[in-house]
Amino acid sequence: QVQLVESGGGLVQAGGSLRLSCAASGRTIRSEPMAWFRQVPGKEREFVAGIRDGTVYRNSVKGRFTISRDNAENTVYLQMNSLKTEDTAAYYCALRTGVAIRPVASDWDYWGQGTQVTVSS
């Protein structure tokens with residue numbers, strides 16, 4: 001059974017940095033598409049960044065966020081720099097049992113429980 005566990009969220013001032021981690025168990029993620037999504041109350045879950053052979057980012061985080069993976073640790077990371085108040089959300093790790101990185105949440109098969117990121121002004 002696949003399990004994804006996120007960590008690393010917290011409260012940070014605008015302009016600060018956080019690194020989120022997503023540890024996977026029950027499946028080797030080496031060749032699988034992995035992604036980070038985020039969600040605020042009352043809004044749909046939105047794609048932030050994805051990784052498989054390459055990486056994909058939503059426009060608003062390009063140049064500030066970096067997604068990476070450590071295959072030996074079966075872990076995916078999201079390094080977030082120059083954080084803005086609009087980055088405040090619950091961040092979720094996702095795994096897709098397919099080939100392509102898809103920006104729609106319903107196309108992903110496994111999810112973590114989420115970790116809250118709050119950016120204060």
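Residues numbered from 1 in each chain as written. Predicted model: local features only at pLDDT ≥ 70, side-chain atom pairs only at ≥ 80, totals over all residues. Heavy atoms only, no water.

## Describing the sheet that holds strand β1 (residues 3-7)
Operational definition: At least two DSSP bridges between two strands are required for those strands to pair. Helix numbering and strand numbering both begin at the N terminus, where a helix is a DSSP run of H or I of at least 4 residues and a strand a DSSP run of E of at least 2. All axes are obtained by fitting lines to C-alpha atoms, using only the stretch in contact for helices, and the reported angles, taken between N-to-C directions, cover 0 to 180 degrees.
Spatially, 4 strands are ordered β1-β3-β8-β7 in an open sheet, and the strand pairing comes out antiparallel. The open sheet terminates on both sides in strands that have one partner only, identified here as β1 and β7 (65-70). Each strand of the sheet is rotated relative to its neighbour by a mean of 15°, with strand direction disregarded. Of the strand pairs in this sheet, β7 and strand β8 (residues 75-80) are connected by 6 bridges, and their pairing is antiparallel.

## Topic: the state of the cysteines
Simply put, disulfide is the name for a covalent bond between the sulfur atoms of two cysteines. Cut-off, in case you're wondering: When two cysteine sulfur atoms lie within 2.5 Å, the pair is treated as a disulfide.
According to the stated counting rule, one finds 1 disulfide in the structure shown. The disulfide partner of C22 is C93, and the gap between their sulfur atoms is 2.0 Å. Across the S-S bond linking C22 and C93, the dihedral sits near -75°, which makes this disulfide left-handed. Of this pair, C22 sits in strand β3 (residues 18-25) while C93 sits in strand β9 (residues 89-95); the two residues are 71 residues apart in sequence, bridging distant segments of the chain.

## Overview of the environment of Y110
This is how it is decided: Note on contacts: a residue pair is in contact if any heavy atoms of the two residues lie within 4.5 Å.
Tracing the backbone through its elements, the reader meets Y110 in strand β10 (residues 110-111). Once residues within four sequence positions are removed from consideration, Y110 is found in contact with V2, L4, C93, A94, L95 and T97.

## Considering the pairing of strand β4 (residues 34-39)
Put simply, the rule reads: Each residue's exposure class comes from its accessible area (1.4 Å probe, protein chains only) as a fraction of the maximum for that residue type: buried when under 20%, exposed when over 50%, partly exposed otherwise.
For β4, a buried count of 5 out of 6 residues is recorded, marking the element as mostly surrounded by other parts of the structure. In the sheet, β4 pairs with strand β5 (residues 46-51) via 5 bridges, with the strands oriented antiparallel. Along β5, the bridge assignment pairs R38 with E46. Counting the residues in the hairpin turn of β4 and β5 gives 6 residues, including G42, whose phi is positive at 85°.

## Some remarks on the pairing of strand β11 (residues 115-120)
One face of the sheet, then the other: side chains in a regular strand alternate in exactly this way. Of the two faces of β11, the one lined by T115, V117 and V119 is fully buried and the one lined by Q116, T118 and S120 carries no buried residue. For strand β2 (residues 10-13) and β11, the ladder comprises 4 bridges, and the chain directions are parallel. Across the sheet, residue L11 finds its bridge partner in β11, namely T118. Examined bridge by bridge, β9 and β11 share 3 bridges and lie antiparallel to one another. Across the sheet, A90 pairs through a bridge with Q116, a residue of β11.

## Quick word on the side chain of R64
Convention followed: N or O atoms closer than or at 3.5 Å make up a polar contact, with two conditions inside protein: a donor-capable atom paired with an acceptor-capable one, and, for residues adjacent in sequence, both atoms drawn from side chains.
Along the chain, the position of R64 falls in the loop between β6 (55-57) and β7. What makes R64 buried here is its relative accessible area of 10%. In terms of polar contacts, R64 uses its side chain to reach the backbone carbonyl oxygen of S82, at 3.0 Å. Other than its neighbours up to four places away in sequence, R64 contacts Q79, M80, N81, S82, L83, K84 and D87.

## Some thoughts on the packing of aromatic side chains
Stated precisely, the cut-off is as follows: Aromatic rings from Phe, Tyr and Trp, with only the six-membered ring used for Trp, were paired whenever their centres fell within 6.5 Å, and each pair was classed as stacked if the ring planes differed by under 30 degrees, edge-to-face if by over 60, and tilted otherwise. Lysine and arginine charges are scored as sitting over a ring when NZ or CZ, respectively, is within 6 Å of the ring centre and within 35 degrees of the ring normal.
Within the structure shown, the criterion is met by 3 aromatic pairs. Pairing F37 with F47 gives two aromatic rings, centres 5.6 Å apart and planes at 85°, and the pair type is edge-to-face. Remark: F47 occurs in strand β5 and F37 occurs in strand β4; sequence separation between them is 10 residues. With relative accessibility at 0%, the residue F37 sits in the buried group. Between F37 and W111, the ring centres sit 5.1 Å apart and the planes meet at 65°, which makes this aromatic pair edge-to-face. Linking F37 in strand β4 with W111 in strand β10, this pair joins segments that are 74 residues apart in sequence. Overall, the relative accessible area of 28% leaves W111 in the partly exposed class. Taken together, the aromatic side chains of F37, F47, W108 and W111 make up a single cluster linked through ring pairs. Between R45 and the ring centre of Y92, over which it is positioned, the NZ or CZ distance is 3.6 Å. When the ring centre of W111 is taken as origin, the NZ or CZ atom of R45, which lies over that ring, is 4.7 Å away.

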